[in-house]
Amino acid sequence: AQSVAQPEDQVNVAEGNPLTVKCTYSVSGNPYLFWYVQYPNRGLQFLLKYITGDNLVKGSYGFEAEFNKSQTSFHLKKPSALVSDSALYFCAVRADYESTGFQKLVFGTGTRLLVSP
Amino acid sequence: EAGVAQSPRYKIIEKRQSVAFWCNPISGHATLYWYQQILGQGPKLLIQFQNNGVVDDSQLPKDRFSAERLKGVDSTLKIQPAKLEDSAVYLCASDARGGGRPETQYFGPGTRLLVL
């Protein structure tokens, strides 16, 4: 079964420093991977996705993610963190229903990012 | 382009009462999803619709939860009767289609339910 793991419940970083939020995946077949962010009392906002091609994917708000097939990882990164980046981040993988061609997303447990001034 | 709309944003009820949530997906999006997000956890898929047909409802507690998408556009999720453990945020999402190219799901703001 398709799954993702986010090994860190919380990541703390100082404003201006680079940040990394980790995600590893387990899939059969081609991995299609997503990152979402959730601010307090808000729904999930799409940041970026990896389908195929360049291993470095650029997304919204200056975020990027690096796909590493050998390490089965899809870590979210940003060169310089902002206090406003403090939020809950979810990694997700597409899982296909057998024989129907439909898909669903399977989410990780989330990582809380706290950026201090 | 308008996003996914949900209402109400907040709801407080007592256990054994019933409650209904409404979702209007992005215009033209054929696939609609309902998720349950319990505090501290990732979203869990409850039910997926393709137009007005159900693709997957394997995680929907059918003894108390029901959902419909009669005209293939907006959708309603109902809980009757509610239990304490149903306290969660209920998220609605939509995307353009369900198969083939990996589509991006877009989420509504969610409905926060508290069962007392």
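This section reports on the structure supplied with the text.

If you tally the helices and strands in chain B, you get 0 helices and 11 strands. Its helices and strands taken in sequence order, chain B reads β-β-β-β-β-β-β-β-β-β-β from the N to the C terminus. Here the C-alpha radius of gyration of chain B, 13 Å, is about what a compact globule of 116 residues would show, namely 13 Å. In terms of its C-alpha atoms, chain B occupies a principal-axis envelope of roughly 40 × 25 × 25 Å.

From N to C terminus, chain A includes 0 helices and 12 strands. Taken from N to C terminus, the helices and strands of chain A fall in the order β-β-β-β-β-β-β-β-β-β-β-β. Here the C-alpha radius of gyration of chain A, 14 Å, is about what a compact globule of 117 residues would show, namely 13 Å. C-alpha atoms of chain A, sized along the principal axes, occupy 50 × 30 × 25 Å.

Another point: the sheet that holds strand 7 (residues 65-68) of chain B. Paired through backbone hydrogen bonds, the strands of a sheet run either parallel or antiparallel to each other. Residues and elements named next belong to chain B. Read across the sheet, 4 strands follow the order 1-3-8-7 without closing on themselves; strand pairing throughout is antiparallel. Single-partner strands in this sheet number two, and they are strand 1 (5-7) and strand 7. The sheet shows a mean angle of 15° between the axes of neighbouring strands, taken without regard to direction. In terms of strand pairing, strand 7 meets strand 8 (residues 75-79) through 4 bridges, oriented antiparallel. Looking across to strand 8, one finds that Phe 65 is bridged to Ile 79.

All right, on to the interface of chain A and chain B then. At the junction of the two partners, chain A supplies 22 residues and chain B supplies 27 residues. For the chain A and chain B pair, buried surface summed over both sides reaches about 1,900 Å², with 52% attributable to carbon and sulfur atoms. Of all residues in chain A, Asn 41, Phe 102 and Gln 103 of chain A bury the most surface against chain B, accounting for 28% of the area lost on that side. Here chain A is connected to chain B by 1 salt bridge. Close ionic contact of Lys 104 of chain A with Asp 56 of chain B constitutes a salt bridge, the shortest N to O distance being 3.9 Å. At the junction of chain A with chain B, the criterion picks out 4 residue pairs in polar contact (both at pLDDT 80 or more). Of all elements in the fold, only strand 5 (33-38), strand 6 (44-50), strand 10 (87-96) and strand 11 (103-107) of chain A reach the threshold of two or more residues within the side of chain A that touches chain B. Per-element tally for the side of chain A that touches chain B: the top contributor is strand 11 of chain A, with 4 residues. Looking at the side of chain A that touches chain B, its residues break down into 11 nonpolar, 7 polar and 4 charged.

We now examine the pairing of strand 8 of chain B. Residue and element names in this part refer to chain B. Strand 8 sits mainly inside the fold: 4 of its 5 residues count as buried. Alignment of strand 3 (residues 19-24) against strand 8, held across 5 bridges, turns out to be antiparallel. Paired with Phe 21 across the bridge in strand 8 is Leu 77. Hairpin connection of strand 7 to strand 8: 6 residues between the antiparallel strands, including Gly 72 at a positive phi of 75°.

Trp 35, Leu 47, Leu 48, Phe 74, Leu 76 and Tyr 89 of chain A are the most contacted members of the largest nonpolar core, which totals 27 residues. Going through the elements one at a time, strand 2 (10-14), strand 3 (19-21), strand 5, strand 6, strand 8 (64-68), strand 9 (73-78), strand 10 and strand 12 (111-116) of chain A are the ones with two or more residues in this core. Sorting elements by how many residues they give to this core places strand 10 of chain A first, with 4 residues. Dropping the residues within four chain positions of it, Phe 74 of chain A is found in contact with Cys 23, Leu 33, Phe 34, Trp 35, Leu 48, Lys 49, Tyr 50, Val 57, Ala 65, Glu 66 and Phe 67 of chain A. One finds Leu 46, Phe 65, Cys 92 and Leu 113 of chain B within the second-largest nonpolar core, a separate group that totals 21 residues.

Turning next to the state of the cysteines. Enumeration according to the criterion identifies 2 disulfides over all chains in this entry. A sulfur-sulfur distance of 2.0 Å marks the disulfide that ties Cys 23 of chain A to Cys 91 of chain A. Judged by the torsion about the S-S bond (-60°), the Cys 23 of chain A/Cys 91 of chain A disulfide is left-handed. Note that Cys 23 of chain A is positioned in the loop between strand 3 and strand 4 (24-26) and Cys 91 of chain A in strand 10, a separation of 68 residues in sequence. For the residue pair Cys 23 of chain A and Cys 91 of chain A, the accessibility class agrees, reading buried in each case. Note that Cys 23 of chain B is cross-linked by a disulfide to Cys 92 of chain B, the S-S spacing being 1.9 Å.

Reading the values: rules and limits
Residues numbered from 1 in each chain as written. Chains lettered and ligands numbered in written order. Predicted model: local features only at pLDDT ≥ 70, side-chain atom pairs only at ≥ 80, totals over all residues. Heavy atoms only, no water. Helix = DSSP H or I, 4+ residues; strand = E, 2+ residues; numbered from the N terminus. Rg over C-alpha atoms; globule rule 2.2 N^0.38 Å. Pairing = 2+ DSSP bridges. Axes fitted to C-alpha atoms, helices over the stretch in contact; angles between N-to-C directions. Contact = heavy atoms within 4.5 Å. Buried area = accessible area lost by both parts, 1.4 Å probe. Salt bridge = Lys/Arg side-chain N within 4 Å of Asp/Glu carboxyl O. Polar contact = N/O pair within 3.5 Å; in protein donor to acceptor, adjacent residues only side chain to side chain. Nonpolar A, V, L, I, M, F, W, Y, C, P; charged D, E, K, R; others polar. Buried < 20%, exposed > 50% of the residue type's maximum accessible area, 1.4 Å probe, protein only. Core = buried A, V, L, I, M, F, W, Y, C linked by side-chain atoms within 4.5 Å. Disulfide = S-S within 2.5 Å.

Keep in mind these numbers describe shape, not what the thing actually does.
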